[in-house]
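If you want the building blocks of each chain, they are given just below.
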Amino acid sequence: MQIHRDWTGLPAGARGASVAMGNFDGIHLGHRAVIEAARQTGAPLGIVTFEPHPRQFFAPDAPPFRLMNSESRANRLARLGVEQLYELPFGAVLAGLSPEAFARDVLVGGLGVSHVTVGADFVFGKDRAGNVATLRDLGGQLGFGVTAVPLVGTGGQHYSSTAIRQALTEGRPRDAERMLGHLHRIEGEVIHGNKRGREFGWPTANMRMDDLHLPRLGVYAVVVDVLTGPDKLSCQGVASLGVRPMFGRNAPNLEVHLFDFNGDLYGQHLSVGLVEFLRDEAKFDSVQVLIDQIAADAEQARAVLAGA
């Protein structure tokens, strides 16, 4: 998959794609329907999305809400067979474009799209002035096709990033998985921590949660893919998501213990899938009680994953 971070100066081979357009936060089953519809035109499959998420630009002080960082989104899209990812820089320039200017200058002049597929509720352009009908009219004028995909859901409710965030906030990763069509995954680089886990006999790989929506704090049964380095593998584990209350209040991070693994993961990138919430984060009376609880958590996680 080729990734482009601007809409100007693209090579000829990057133009002419059939694109699915949207924010694609989480890439849930509704997003998948839009992507699959874009694939059906026969042209190279592309994605038009934005970085940062427009909501981050318009409300920079809002609490973190993203289900995926750009790395995780790109990894998921590559697995879906996307050939061209147009990750457009969202700022004052894009925010100020009218629907007409966006279609003319970005979609046609910049990307040279052959077809655009969106969800039925898609809006775009300055002040969200454009909708599906606007896009169809512009496509007719400028020479690209348009497909609007009905919203997807079950039980009378549409799949949405909002509903997935709510499920994760409440510690329901399996419900989130049903809407996503895949496990909710946290991806990123393994950073150096305080190495207390190693001292306790439970070494962990630490990952930041910067700018990501926080699922319910606590302990999870997880599956882990090591994406880079000499030890690329898939394995199971147990993870603690929280602020480590035994040792003062800290910024939230994810600490993952990989079962039956002894390698060095510093600087490597992991993909951690949340399978089941086991318990809330807690402060224990002593370090030994904490160690005993970690052992119990690991045993419970193994049992959960054996039947997952």
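Structural data are supplied above this passage.
Keep in mind the model is a prediction, meaning the values are calculated, not measured. (Residues numbered from 1 in each chain as written. Predicted model: local features only at pLDDT ≥ 70, side-chain atom pairs only at ≥ 80, totals over all residues. Heavy atoms only, no water.)

**Focus: unusual backbone geometry**
Next, step 1: Residues Glu 51 and Pro 52 are joined by a peptide bond in cis, for which omega reads 0°.
Next, step 2: With respect to the helices, strands and loops of the structure, Pro 52 is situated in the loop between strand 3 (45-51) and helix 2 (54-58).
Next, step 3: Backbone geometry at Asp 260 places phi at a positive 60°, although glycine is not the residue there.
Next, step 4: Within the secondary structure layout, Asp 260 lies in the loop between strand 13 (253-258) and strand 14 (269-280).
Next, step 5: Residue Asp 260 is classed as exposed on the basis of its relative accessible area of 69%. (Helix = DSSP H or I, 4+ residues; strand = E, 2+ residues; numbered from the N terminus. Buried < 20%, exposed > 50% of the residue type's maximum accessible area, 1.4 Å probe, protein only.)

**Digging into the pairing of strand 6 (residues 145-149)**
Where a strand is regular, its side chains alternate between the two sheet faces.
Next, step 1: Relative to strand 6, strand 5 (residues 115-119) is paired through 5 bridges, and the arrangement is parallel. Looking at strand 6, one finds that Val 118 is bridged to Ala 148.
Next, step 2: Regarding topology, helix 6 (residues 132-142) serves as the crossover connection from strand 5 to the parallel strand 6, and that connection is right-handed. (Pairing = 2+ DSSP bridges. Right-handed = clockwise from strand over helix to strand, strands pointing away.)

**Some remarks on the pattern of salt bridges**
For side chains bearing opposite charge, pairing can occur when the charged atoms are close.
Next, step 1: Following the criterion strictly, the structure yields 16 salt bridges and no others.
Next, step 2: Notably, a salt bridge pairs Glu 170 with Arg 172, separated by 2.8 Å at the nearest N-O pair.
Next, step 3: Exposure remark for Arg 172: the relative accessible area of 29% places this residue in the partly exposed category.
Next, step 4: Salt bridges here are not isolated pairs; linked through shared partners, they connect Arg 5, Glu 51, Arg 66, Arg 73 and Glu 87. (Salt bridge = Lys/Arg side-chain N within 4 Å of Asp/Glu carboxyl O.)

**Topic: the sheet that holds strand 5**
Next, step 1: Spatial strand order, 1-4-3-2-5-6: 6 strands in an open sheet with parallel pairing. Where the open sheet ends on each side, the last strands, each with one partner, are strand 1 (2-4) and strand 6. In this sheet, adjacent strand axes meet at a mean angle of 25° when their direction is disregarded.
Next, step 2: Inspection of the sheet shows strand 2 (residues 18-21) paired to strand 3 by 4 bridges, in the parallel sense. Bridged to Met 21 within strand 3 is Val 48. (Axes fitted to C-alpha atoms, helices over the stretch in contact; angles between N-to-C directions.)

**Quick word on helix 1 (residues 29-39)**
Next, step 1: Along helix 1, the residues that are buried comprise Gly 30, His 31, Val 34, Ile 35 and Ala 38. One side of helix 1 holds all its buried residues, which, seen down the axis, span an arc of 140°.
Next, step 2: Where helix 1 is buried, its residues meet strand 2, strand 3, helix 3 (70-79), strand 5, strand 6 and helix 7 (161-169). (Arc of directions from axis to C-beta. Contact = heavy atoms within 4.5 Å.)

**Side note on helix 6**
Next, step 1: All of the buried residues along helix 6 are Val 132, Thr 134, Leu 135, Leu 138 and Gly 139. Along the axis of helix 6, the buried residues cluster in a sector spanning 150°; they form a single face. Every exposed residue of helix 6 that faces more than 90 degrees away from the buried side is listed here: Asp 137, Gly 140 and Gln 141.
Next, step 2: At the N-terminal end of helix 6, a side-chain oxygen is found 3.1 Å from the backbone nitrogen of Ala 133, two or three residues along, and the residue is Asn 131.
Next, step 3: Of the residues trailing helix 6, Gly 143 is marked for its positive phi of about 95°. (Polar contact = N/O pair within 3.5 Å; in protein donor to acceptor, adjacent residues only side chain to side chain.)

**A closer look at the nonpolar core**
Next, step 1: Of all hydrophobic cores here, the largest spans 30 residues; its most connected members are Met 21, Leu 94, Phe 102, Leu 107, Val 116 and Leu 135.
Next, step 2: When residues of this core are assigned to their parent elements, the largest contribution, 5 residues, is made by helix 5 (residues 99-110).
Next, step 3: Sequence-distant contacts of Leu 94, defined by excluding residues within four places in its chain, comprise Trp 7, Phe 50, Leu 88, Pro 89, Phe 102 and Val 106. (Core = buried A, V, L, I, M, F, W, Y, C linked by side-chain atoms within 4.5 Å.)

**Points about the environment of His 182**
Next, step 1: By the secondary structure assignment, His 182 is in the loop between helix 8 (173-180) and strand 9 (184-189).
Next, step 2: A relative accessible area of 10% places His 182 in the buried class.
Next, step 3: Look past the residues within four positions of His 182 in its chain and what remains in contact with it is Gly 26, Ile 27, Met 68, Arg 76 and Glu 177.
Next, step 4: Within the local environment of His 182, its side chain forms a polar contact with the backbone oxygen of Gly 26, the two atoms lying 3.2 Å apart.
Next, step 5: Of the polar contacts made by the side chain of His 182, one reaches the backbone oxygen of Ile 27; its length is 3.2 Å.

**Notes on the packing of aromatic side chains**
Next, step 1: Counting across every chain of the model gives 8 aromatic pairs.
Next, step 2: The interplanar angle of 85° and the centroid separation of 5.9 Å between the aromatic rings of Phe 50 and Phe 90 together place this pair among those described as edge-to-face. One end of the pair, Phe 50, is in strand 3; the other, Phe 90, is in the loop between strand 4 (84-89) and helix 4 (92-95), and 40 residues separate them in sequence. Of the two residues, Phe 50 and Phe 90, both sit in the buried class.
Next, step 3: Seen in terms of ring centroids, Phe 58 and Phe 90 are 5.8 Å apart; in terms of plane orientation they differ by 65°. Their pairing is edge-to-face. Residue Phe 58 is found in helix 2, and its partner Phe 90 is found in the loop between strand 4 and helix 4; the two are separated by 32 residues along the sequence.
Next, step 4: What makes Phe 90 buried here is its relative accessible area of 12%.
Next, step 5: A connected cluster of aromatic rings, assembled from ring pairs, spans Phe 50, Phe 57, Phe 58, Phe 90, Phe 102, Phe 122 and Phe 124.
Next, step 6: Across from the ring centre of Phe 65, 4.0 Å away, lies the NZ or CZ of Arg 55, which sits over that ring. (Phe/Tyr/Trp six-rings, centres within 6.5 Å; stacked < 30°, edge-to-face > 60°. Lys NZ or Arg CZ within 6 Å of the ring centre and 35° of its normal.)

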